[in-house]
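# Structural description and commentary
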Amino acid sequence: DQQVKQNSPSLSVQEGRISILNCDYTNSMFDYFLWYKKYPAEGPTFLISISSIKDKNEDGRFTVFLNKSAKHLSLHIVPSQPGDSAVYFCAASSNFGNEKLTFGTGTRLTIIP
Amino acid sequence: SAVISQKPSRDICQRGTSLTIQCQVDSQVTMMFWYRQQPGQSLTLIATANQGSEATYESGFVIDKFPISRPNLTFSTLTVSNMSPEDSSIYLCSVEKGGDTQYFGPGTRLTVL
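Below you will find a few notes about this structure. This is a predicted model, so every value here is computed, not measured.

### Overview of the overall build of chain B
Scanning chain B for helices and strands turns up 0 helices and 11 strands. If you list the helices and strands of chain B from N to C, you get β-β-β-β-β-β-β-β-β-β-β. Computed over its C-alpha atoms, the radius of gyration of chain B comes to 13 Å, within 12% of the 13 Å expected for a compact globule of 113 residues. Expressed as lengths along the three principal axes of its C-alpha atoms, the size of chain B is roughly 40 × 25 × 20 Å.

### Things to note about unusual backbone geometry
In this structure, A:Pro79 follows A:Val78 across a cis peptide bond, with omega equal to -5°. Cis peptide bonds are those with omega within 30 degrees of zero, and the linkage from B:Lys7 to B:Pro8 qualifies with -10°. Along the polypeptide, B:Pro8 turns up in the loop between strand 1 (4-7) and strand 2 (10-13). For B:Asn82, which is not glycine, the phi dihedral falls at a positive 45°. With respect to the helices and strands, B:Asn82 occurs in the loop between strand 8 (75-80) and strand 9 (89-97).

### As for the pattern of salt bridges
By the definition in use, this model includes 3 salt bridges over all chains. A:Arg61 serves as the salt-bridge partner of A:Asp84, at 2.8 Å between the closest nitrogen and oxygen. You can see A:Asp84 sitting in the loop between strand 8 (72-77) and strand 9 (86-93) and its partner A:Arg61 sitting in the loop between strand 6 (56-59) and strand 7 (62-67), a full 23 residues away along the chain. Given the relative accessible area of 21%, A:Arg61 is considered partly exposed. We note a salt bridge from B:Lys65 to B:Asp87, for which the minimum N-O separation is 2.6 Å. Of the two residues, B:Lys65 is situated in the loop between strand 6 (56-57) and strand 7 (68-72) and B:Asp87 in the loop between strand 8 and strand 9; the sequence distance between them amounts to 22 residues. Both residues of the pair, B:Lys65 and B:Asp87, count as buried.

### What about the sheet that holds strand 3 (residues 19-25) of chain B?
All names here are of chain B. Ordered by their spatial adjacency, 4 strands build an open sheet running 1-3-8-7, and the pairing between neighbours is antiparallel. Both outer strands of the open sheet, strand 1 and strand 7, are each paired with one neighbouring strand and no more. The average undirected angle you get between the axes of adjacent strands in this sheet is 15°. Note that strand 7 and strand 8 share 3 bridges and pair antiparallel.

What counts and what doesn't
One numbering rule holds for all chains: residues counted from 1, following each sequence as written. To label them, take the chains in the order written and letter them from A, then take the ligands in the order written and number them from 1. Only residues with pLDDT of at least 70 get local features here, since the model is predicted, and only at 80 or more are side-chain atom pairs given and counted; chain-wide, interface and lining totals rely on the full set of residues. Neither water nor hydrogens contribute to the side-chain values; these are computed over all heavy atoms in the structure. Secondary structure elements are defined from DSSP: runs of H or I of at least 4 residues count as helices, runs of E of at least 2 residues count as strands, and each element is numbered from the N terminus. In this setup the radius of gyration rests on C-alpha atoms only. A globule is expected at 2.2 Å times the number of residues raised to 0.38. The rule for a salt bridge is simple: a side-chain nitrogen of Lys or Arg has to be within 4 Å of a carboxyl oxygen of Asp or Glu. Per-residue accessibility, obtained with a 1.4 Å probe over protein chains only, is compared with the maximum for each type, and a residue is labelled buried under 20%, exposed over 50%, and partly exposed between these values. The criterion for strand pairing is that DSSP finds at least two bridges linking the strands in question. To get an axis, fit a line to the C-alpha atoms, keeping to the stretch in contact for a helix; angles then go from 0 to 180 degrees between the N-to-C directions.

Rendered as structure tokens:
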């Protein structure tokens, strides 16, 4: 049972444009959401997070939006840069779940120069 | 954040043998986690390792196959026992810092022949 889903396995975006990565979840107990970026042969790097008490969090070029009623979150990257090409994972956790993270399957983002 | 190192970075092992992976953190942390990423898959939590207590294993993972040690607040080991080709994966440790955010090590790429 995949509780966190990233339905787009890949995405290509022109450099300078906005990249939008999407994530859906099914477990209503999730209350904290994170995005990680992963390059080949490296561990995931934390990008940005959002608590369920918020609907938006911004950090530089990265903004995460949370729609609790739709159980949907998205990561916006603007402007997109070639160094953003990587696999992006969303993850979710619950205070009742002993802080364990449940990961989505990842979206491979390619920025086209 | 946290600086996390793992040893070895990669290994090729024979079926039936065991490999111990080390995870070192640059600061004391309460919770450490071990994940597995099988080829083309997302990250799956194997177990949570707290210092001074037995590791807590997720469904589908057992201590006999993945024994974990946590001798102090900066170090943990994961052993993959009696390996088979299905154990070929990237194994990652992570730590929790600054609330609910987990930071990951670079991973250990294991190939079992």
